[in-house]
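Spelled out from the first residue to the last, the chains are:
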Amino acid sequence: MATKHKMICYAPFGLEQDAIEVLLTFTFLPGARATRIDPADPAEVEFVSATATLHTLDTGMQAMLDDWAREYIADDSCSGGYHDACVAAEDDRTSAYEDAADYRRRAARDDALTERGK
């Protein structure tokens, strides 16, 4: 099942110090490990939207930003956005698991305290 995630990245428009901070939204579908029968299936990352966080862009610049973001997130080189997106999605997933485990621990503790009070 694909999940939606967000990450901050920097679009190198203009000079390096003029890079635009971008909130990049994408979907993530985890890959599968290789088995004896099937080869590994890589994770899938798909572009959803790109929003400049500190700037208001006109229609033409927004289209350029969207094009850059699509290319960035598809780039699977070690400096590309595909790797960054996979890491961000896995971090989100780990945080969600930790939050759920914490919730279960607190609920069990609350149940135990409620039972003692009866």
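From a predicted model like this one, the values you see are computed outputs, not experimental measurements.

J.: Help me out: how do you make sense of the overall build of the protein in this one?
T.: Helix and strand counts for the protein come out as two helices and three strands. If you list the helices and strands of the protein from N to C, you get β-β-β-α-α. Relative to its 118 residues, the protein shows a buried fraction of 24%. The contacts in the protein between residues at least 6 apart in sequence include a share of 45% that link residues at least 24 apart. When the accessible surface of the protein is totalled, it reaches about 8,600 Å², and 53% of it is carbon and sulfur.

J.: Would you explain the nonpolar core in this entry?
T.: Nonpolar side chains in soluble globular proteins tend to end up buried together. The biggest cluster of nonpolar side chains holds 23 residues, and the ones touching the most others in it are L24, F26, L65 and W68. For this core, the secondary structure elements donating two or more residues are β1 (3-11), β2 (20-29), β3 (44-52), α1 (59-74) and α2 (81-117). Excluding its chain neighbours within four sequence positions, the residues that come into contact with F26 are T3, K4, H5, K6, M7, V45, E46, V48, I73, A85, A88 and A89.

J.: Can you walk me through the environment of G81 in this structure?
T.: Structurally, the position occupied by G81 is in helix α2. Owing to a relative accessible area of 0%, G81 belongs among the buried residues under this scheme. Expressed as a C-alpha distance, the spacing of G81 and R70, which sit 11 residues apart in the sequence, is 9.2 Å. Not counting residues up to four positions away in its chain, the partners in contact with G81 are M7, Y72, I73 and D75.

Rules behind the numbers
Residues numbered from 1 in each chain as written. Predicted model: local features only at pLDDT ≥ 70, side-chain atom pairs only at ≥ 80, totals over all residues. Heavy atoms only, no water. Helix = DSSP H or I, 4+ residues; strand = E, 2+ residues; numbered from the N terminus. Buried < 20%, exposed > 50% of the residue type's maximum accessible area, 1.4 Å probe, protein only. Contact = heavy atoms within 4.5 Å. Areas by Shrake-Rupley, 256 points an atom, 1.4 Å probe, with all protein chains shown as cover. Core = buried A, V, L, I, M, F, W, Y, C linked by side-chain atoms within 4.5 Å.

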